[in-house]
Amino acid sequence: MTDEEFALANSKMKKVSRTREYKGVDKGAFSVFVCPYCGLRLHAPSSNNRLFCSTGRIRPESPCAGVSIDKTLAEETLLELVRKQAEVMIDAEVKLKRRQAESETEIKQKNKERDRLRRIIAGYGQQQISLYEKYKSGELSKDVYLERKAEIKKAQSDAEEQVAEIDKDTEVSEAFTDGAPELPVKGYIDISKYDKRIMASLIEKAEVFEGDVLQVTWKHQDEYEKLLKLTS
Ligand SMILES: [Zn+2]
């Protein structure tokens, strides 16, 4: 197979999976339960209450045949996960707000300190000029002049180092002033009834594995991780 043929085959594969995903139907009404092996969405037949993968019916030798879970159990599990996620995110946001308040005070203090240091640094520059003038006019010997000049230089570079430290600290503090992202899951801390549409708005997919194991991929996963990272 040439590179071109491979690229063509690849682009076709992408197209196929994309059309299967969106199909022009209201996406919010889809089941969030998904077969981890073929990617098909799972449904329960009216005859019993178990979600299953259609591929497994057609190909009993495929791993899809083992994909099956009690619908009520699966839905209860997702409801529990959503309530838990809401709780975790609300807690994280409270923490974030507290840290924001702290870091705003901290940033103000550090800015003041930085201004003070910059004035001092400017003063050292002035001192060096007058020192040189005294040396030029003969008021100071060369040795004394060089010694004092070295002292001033040292003090100046110390102050500059302190400013650099402050710049580094405020960079960290400023990460907290961005604010928390809007997370719809927070509104469902008390959800008790399974609603397909709500679930589809919160959950990208819930893959069903053998032994009643569910693996959930959240929508807003990046925001969740960012918030938890900021407040951990
Ligand atoms: Zn399958």
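See above for the structure.
Draft legend 1. Spatial organisation of the nonpolar core. Formed by 25 residues in total, the largest nonpolar core has its most connected members in Phe33, Cys35, Leu42, Leu51, Ala206 and Val208. Listing elements by their share of this core, those giving two or more residues are β1 (33-34), β2 (50-52), α3 (71-136), α5 (196-202) and β4 (203-209). Examining the composition of this core, we find that 6 residues originate from one element, α3, more than from any other.

Draft legend 2. Structural view of the environment of Ile166. Considering the arrangement of structural elements, one finds Ile166 in helix α4 (residues 142-174). In this structure the C-alpha to C-alpha distance between Ile166 and Ile107, which are 59 residues apart in sequence, comes to 9.3 Å. Every residue in contact with Ile166, bar those within four places of it in the chain, is listed here: Lys110, Glu113 and Arg114.

Draft legend 3. Highlighting unusual backbone geometry. Of note, the phi angle at Asp212 is positive, near 55°, even though the residue is not glycine. Relative to the helices and strands, Asp212 resides in the loop between β4 and β5 (213-218). A residue is classified by how many C-beta atoms lie within 10 Å of it, and Asp212, with 12 of them, is exposed.

How each quantity is defined
- Residues numbered from 1 in each chain as written.
- Predicted model: local features only at pLDDT ≥ 70, side-chain atom pairs only at ≥ 80, totals over all residues.
- Core = buried A, V, L, I, M, F, W, Y, C linked by C-beta atoms within 7 Å.
- Buried ≥ 20, exposed ≤ 12 C-beta atoms within 10 Å, placed from the backbone.
- Helix = DSSP H or I, 4+ residues; strand = E, 2+ residues; numbered from the N terminus.
- Contact = placed C-beta atoms within 7 Å.

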